[in-house]
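# Observations on the three-dimensional arrangement
So you can see what is in the structure, the chains are spelled out below.
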Amino acid sequence: MGQPLTEPGVAAVQRPSQPGHPTPGARLTARFYLLAWAAVCRMPEPLARWLFTRIADVLWRRQSKGVQRLEDNLRRVLGPDATPERLRQVSRAGMRSYLRYWLEVFRLPVIPPEQIMSRMRMTGGQTDLAMAHLAAGRGVVFALPHMGNYEQAGAWIVRRGAGSFTTVAERLSSALVYEKFVAFRQSLGMEVLPHTGGSSPFGVLARRLRAGRLVCLVCDRDLTSSGVEVQFFGEPARMAAGPAALAVQTGAALMPVTLWFEGENWCARIFPEVPVPESGTQREKIAAMSQAMAKAFEVTIAEHPEDWHMLQRVFVADLDPARIS
């Protein structure tokens, strides 16, 4: 649901050096996605899972920048007492989980709808309340970290009765791949707004919420350099301010949601609504709500660190000073 599209640990889909002129590497990556998507849907599922697990292990052993950043992030989650062996064990499981996500994204068009519903496990006891808000015409913002499988969760919530929902996706240097992913997500019941390349999506999201619709935003990383600083696993980190800002401005219910894998099943937890503080400036309210959101994310990430697919910088200590000045 709006995850920036990054090739599984090999090389990011780079932005073109000049608008409209993808680099040779970006074109090659685009071909990889399209061919992989077509091929994996036709493979027997056990073979596809075996292949993606092997790819994950190769990428993990190569210690690419993405894997190094994953381990930097996991080091905060596991704490100072974690041994190097423990960190490497969790990062390997993390790469396997990340490649599982991509495998399931590619295969989602051929996963039977009844499996999407029957293999979902919900905890937290807030699902009915979220659906009641929507039924009563109150907008809901689901704020998510990079965990589990967003697309499957999106397909599940649509079939669960939420109707279509709106999300935001980062544009890719390959227009062909971007359009294919948008069309794919639309086929699942998502309205996809581009993060860049047009007018700000904030106004559209606010209108959808005021109309009593659902908005789903992956927000545990600041893409805009205008996010909010929170304490996250004991360190300053920057997260997107959009979910809290939308809730403050529209009166929508802000509900953190976390996702993870358990065996063949998908799991999700919807947390209680983060209330808008009664006092303080708008900026102070957004900061307080974002901190509460980060605390909710911490709970599940600590329980399932291998399913937090964060291969980018999040913590302030790791960021380029130019981004936070």
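So, here's what we can say about the structure. This one's a predicted model, so the numbers in the text were calculated from it and none came from an experiment.

Glancing now at the pairing of strand β9 (residues 265-270). Burial within β9 is extensive, with 5 of its 6 residues counted as buried. Pairing between strand β1 (residues 120-123) and β9: 4 bridges, direction parallel. Considered in β9, the bridge of Thr123 is made with Arg269. Bridge count for strand β8 (residues 253-262) against β9 is 6 bridges, and the pairing is antiparallel. Considered in β9, the bridge of Glu262 is made with Asn265. Hairpin connection, β8 to β9: the antiparallel pair is bridged by 2 residues, and Gly263 has positive phi, about 60°.

Turning to the pattern of salt bridges, a few remarks are in order. For the structure on display, the rule yields 16 salt bridges. The shortest N-O distance in the salt bridge between Glu45 and Arg49 comes to 3.1 Å. Of the two residues, Glu45 and Arg49 both sit in helix α2 (residues 45-62), 4 residues apart, roughly one turn of that helix. The partner of Arg88 in a salt bridge is Glu71, and the shortest N-O contact between them spans 2.6 Å. A residue pair is termed long-range when its members are at least 10 positions apart, and Arg88 in helix α4 (residues 84-107) and Glu71 in helix α3 (residues 65-78) qualify at 17 residues. Residue class for Arg88 comes out partly exposed when judged on its relative accessible area of 25%. Residues joined by salt bridges that share partners form a network here, namely Glu45, Arg49, Arg100, Glu104 and Glu264.

To continue, consider the packing of helix α9 (residues 202-210) against helix α10 (residues 242-250). Geometrically, a packed helix pair is captured by the angle between its two axes and the distance between the axes. Contact geometry for α9 and α10: axes closest at 10 Å, N-to-C directions at 50°. Relative to α10, the element α9 is oriented oblique. Between α9 and α10 lies a crossing whose hand is right-handed. Note on element contacts: α10 touches α9 through Gly242, Ala245, Leu246, Gln249 and Thr250, opposite Phe202, Leu205, Ala206, Leu209 and Arg210. Among the residues forming the contact of α9 with α10, the class breakdown is 6 nonpolar, 3 polar and 1 charged.

What follows concerns the packing of aromatic side chains. When we look at a pair of aromatic rings, we describe it by the centre distance and by the angle of the planes. Per the stated rule, a full pass over the model turns up 7 aromatic pairs. Relative to Phe233, the ring of Phe232 has its centre 4.9 Å away and its plane inclined at 65°; by these criteria the two rings are edge-to-face. Taken as a pair, Phe232 and Phe233 share a single burial class, namely buried. Every member of this aromatic cluster is reached through a ring pair, and the members are Phe52, Tyr101, Trp102, Phe106 and Tyr150. It is Arg119 that lies over the ring of Trp266; its NZ or CZ is 4.1 Å from the centre.

The mixed open sheet is built from 7 strands, whose spatial order is β1-β9-β8-β2-β5-β3-β4. The outermost strands of the open sheet, each flanked by one partner alone, are β1 and β4 (190-194). Going from strand to strand, the sheet's axes swing by 25° on average, the running direction of each strand aside. Bridge analysis of strand β3 (residues 165-169) against β4 gives 5 bridges, and the strand direction is parallel. The residue of β4 that forms the bridge with Val168 is Leu193. Packed on one face of the sheet, helix α7 (residues 150-162) meets β1, β2 (140-144), β3, β4, β5 (214-218), β8 and β9 and runs near 75° to β1. Here helix α11 (residues 282-303) sits on the sheet and contacts β2, β8 and β9; the angle it forms with β8, its principal contact strand, is near 15°.

With that settled, the discussion passes to unusual backbone geometry. For residues other than glycine, phi is negative in most cases, and the peptide bonds are mostly trans. The backbone phi angle of Gln63 is positive, close to 55°, even though this residue is not glycine. Exposure remark for Gln63: the relative accessible area of 26% places this residue in the partly exposed category. Non-glycine residue Phe233 carries a positive phi angle of around 50°. Summarising the element assignment, Phe233 is placed in the loop between β6 (228-232) and β7 (235-239).

Attention now goes to the pairing of β3. For β3, the tally of buried residues reaches 5 of 5 residues, placing the bulk of the element in the interior. Of the two faces of β3, the one lined by Phe165, Thr167 and Ala169 and the one lined by Thr166 and Val168 are each fully buried.

Thresholds, definitions, all that
Residues numbered from 1 in each chain as written. Predicted model: local features only at pLDDT ≥ 70, side-chain atom pairs only at ≥ 80, totals over all residues. Heavy atoms only, no water. Buried < 20%, exposed > 50% of the residue type's maximum accessible area, 1.4 Å probe, protein only. Helix = DSSP H or I, 4+ residues; strand = E, 2+ residues; numbered from the N terminus. Pairing = 2+ DSSP bridges. Salt bridge = Lys/Arg side-chain N within 4 Å of Asp/Glu carboxyl O. Axes fitted to C-alpha atoms, helices over the stretch in contact; angles between N-to-C directions. Parallel < 35°, antiparallel > 145°, perpendicular 65-115°, else oblique. Left-handed = near helix turned anticlockwise from the far one by under 90°. Contact = heavy atoms within 4.5 Å. Nonpolar A, V, L, I, M, F, W, Y, C, P; charged D, E, K, R; others polar. Phe/Tyr/Trp six-rings, centres within 6.5 Å; stacked < 30°, edge-to-face > 60°. Lys NZ or Arg CZ within 6 Å of the ring centre and 35° of its normal.

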